[in-house]
Amino acid sequence: MRRAAALALVVLGTVSCGAGQPASVPAPATSAPGQEAPQSPTPAPATPTSTGPPEFTSKVSRVSRDRLPYSWRPGCPVHYRDLRLVTLTYWGFDDKPHTGELVVRDTVTDDIETVFEKLYDWRWPIEQMKLVDAFEADDFDSIDANNTSAFNCRRATGSSNWSNHAYGEAIDINPQQNPYVTASGGTAHQNAKKFTERPIKGKGVINPGDKVVKAFAAVGWEWGGYWSGAKDYQHFSKGGG
Ligand SMILES: [Zn+2]
């Protein structure tokens, strides 16, 4: 059924495109090198020209109060009406495209879309991207699950001040591979202990001056890996801090 649908799409596309583009009609099936000749004379189904992963997509929408049952409450420094849900494509640790969700302030959605389109095009991998509400807004649990997330109305680590996450202007990426490391070199997360040094190699690791850091810098977001003292390798925020 799927193949028939794909064929129909190709035919439709050919008709509707008119003379605009050359119709790419796949050659009849022939046996590829190293493969046995098909036993049936039925030609292989038409293969669309774009067989690769889907293009990057992103969508910005208003976020309802009930999407943020744990991460937002009255008294937070930004009202939920000024937050946006960004639904976007990301490349997974499993080498496949996925759809993730991020909540950020309405003023920074362009920044996020710009950066994440680059990451996707580079096939730069991210393990998971759910709202922190999936973890009842528990930062520790979200980090332990290696979840990439942005908005969370909480205080900065070790401080009574609001975190930039509470303004929807910060994001944590692959927190297992990019832990918050204290000035003495420790991390609170057992699964992150082998990722406390920089630079290191590894899937989803962010290193000083690498293309991920540069992509964020290009839209005015600073990396927590450049902090003096404690380093927050997962953390990027608009304007720093
Ligand atoms: Zn952070």
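Residues numbered from 1 in each chain as written. Predicted model: local features only at pLDDT ≥ 70, side-chain atom pairs only at ≥ 80, totals over all residues.

Colleague: So what about the overall build of the chain? Which residues, and what values?
Modeller: In terms of regular secondary structure, the chain is built from 4 helices and 9 strands. Ordering the α and β elements of the chain from the N terminus gives α-β-β-β-α-β-α-β-β-α-β-β-β. Classification of the 241 residues of the chain by burial places 35% in the buried group. A separation threshold of at least 6 residues defines the contact pool for the chain, and within that pool the share at least 24 residues apart is 56%. (Helix = DSSP H or I, 4+ residues; strand = E, 2+ residues; numbered from the N terminus. Buried ≥ 20, exposed ≤ 12 C-beta atoms within 10 Å, placed from the backbone. Contact = placed C-beta atoms within 7 Å.)

Colleague: Could you give an account of the sheet that holds strand β7 (residues 221-223), naming the residues involved and the relevant values?
Modeller: Strand order across the open sheet formed by 3 strands is β5-β9-β7, with antiparallel pairing between neighbours. Taken across any chain shown, the strands that pair with only one partner, and hence form the sheet edges, are β5 (170-172) and β7. Direction aside, neighbouring strands of the sheet carry axes that sit 20° apart on average. Sheet analysis places β7 next to strand β9 (residues 235-238), joined by 3 bridges and oriented antiparallel. Bridged to E222 within β9 is S237. (Pairing = 2+ DSSP bridges. Axes fitted to C-alpha atoms, helices over the stretch in contact; angles between N-to-C directions.)

Colleague: Give a description of the nonpolar core that names residues and reports values.
Modeller: Soluble globular proteins tend to pack their nonpolar side chains together in the buried interior. Counting 43 residues, the largest nonpolar core has Y90, L102, V103, V104 and L119 as the members making the most contacts within it. Discounting chain neighbours no more than four positions away, the residues touching Y90 are H98, G100, F116, L119, Y120, I126 and M129. (Core = buried A, V, L, I, M, F, W, Y, C linked by C-beta atoms within 7 Å.)

Colleague: Tell me about the pairing of strand β2 (residues 83-92), and please be specific about residues and values.
Modeller: Pairing geometry for strand β1 (residues 58-62) and β2, over 5 bridges, is antiparallel. Looking at β2, one finds that S61 is bridged to L85. Of the pairings in the sheet, the one linking β2 to strand β3 (residues 97-105) comprises 9 bridges and is antiparallel in character. Residue pairing for β3: Y90 is matched across the bridge by H98. Following β2, the chain reverses through 4 residues before pairing antiparallel with β3; D95 in that reversal takes a positive phi of roughly 65°. Inspection of the sheet shows β2 paired to strand β4 (residues 125-126) by 2 bridges, in the parallel sense. Bridge assignment links W91 to a residue of β4, and that residue is P125.

Colleague: Account for the environment of K194, naming residues and giving values.
Modeller: Looking at where K194 falls in the secondary structure, it is placed in the loop between β6 (180-181) and α4 (211-217). For K194, a count of 12 C-beta atoms within 10 Å gives the class exposed. When the C-alpha positions of K194 and Q176 are compared, they lie 9.3 Å apart, and in sequence the two are 18 residues distant.

Colleague: Describe unusual backbone geometry, with residues and values.
Modeller: The amide bond that connects R198 to the next residue, P199, takes the cis arrangement and shows omega of -10°. Relative to the elements of secondary structure, P199 occurs in the loop between β6 and α4. One non-glycine residue, D95, lies in positive phi territory at about 65°. Looking at the secondary structure, you find D95 in the loop between β2 and β3. Judged by local crowding, D95 falls into the exposed class, with 10 C-beta atoms found within 10 Å.

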